[in-house]
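# Geometric and topological summary
Spelled out, the chains give:
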Amino acid sequence: MTCLPSTYDSFGMALLESLACGTPLVTTTHSAPQELVDPGVTGELCAPEDPQGLADACLRAFALARNPATADACRASAQPYDWDIGLAPLCERLYEGAADGG
């Protein structure tokens, strides 16, 4: 389990790397990292600056980590951010559209 309870993050590269390794996440409902979490599937969320909520979310994430299906779900959720599978093809489509005037 990887825990990043920070606020005001614009993304969460460490969280994305954790997902790619098959590890569930815990983060707050503040800012962008929460978008990487599918609660109960790839991780857990908590309110920012809530120690008890963070502890509870960590315990739920530890339970997720024991579920054999969690690793595959985490890896699958990271695939759209993979350079070869998701990002490079997206950039190519965008550039092709720009070259076509679209």
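Cut-offs used in this document
- Residues numbered from 1 in each chain as written.
- Predicted model: local features only at pLDDT ≥ 70, side-chain atom pairs only at ≥ 80, totals over all residues.
- Heavy atoms only, no water.
- Patch = residues over 30% accessible without salt bridge, like charges linked within 9 Å, V, L, I, M, F, W, Y side chains within 5 Å.
- Areas by Shrake-Rupley, 256 points an atom, 1.4 Å probe, with all protein chains shown as cover.
- Salt bridge = Lys/Arg side-chain N within 4 Å of Asp/Glu carboxyl O.
- Helix = DSSP H or I, 4+ residues; strand = E, 2+ residues; numbered from the N terminus.
- Phe/Tyr/Trp six-rings, centres within 6.5 Å; stacked < 30°, edge-to-face > 60°.
- Buried < 20%, exposed > 50% of the residue type's maximum accessible area, 1.4 Å probe, protein only.

Bringing a nonpolar patch on the surface into the picture now. A grouping of Phe 11, Met 13, Tyr 81, Trp 83, Leu 87, Leu 90 and Leu 94 is seen on the molecular surface, where their side chains present a nonpolar patch of about 670 Å² in accessible area. For the nonpolar patch, the leading source of residues is helix 4 (residues 83-99), giving four residues. Looking at the secondary structure, you find Phe 11 in the loop between strand 1 (2-4) and helix 1 (13-20).

With that out of the way, let us pick up the packing of aromatic side chains. Following the criterion strictly, the structure yields one aromatic pair and no others. Plain terms: the ring middles of Phe 11 and Tyr 81 are 5.7 Å apart, the flat faces sit at 55 degrees to each other, and that makes the pair tilted. Remark: Tyr 81 occurs in the loop between helix 3 (68-78) and helix 4 and Phe 11 occurs in the loop between strand 1 and helix 1; sequence separation between them is 70 residues. For Phe 11, a relative accessible area of 31% gives the class partly exposed. For Tyr 81, a relative accessible area of 33% puts it in the partly exposed group.

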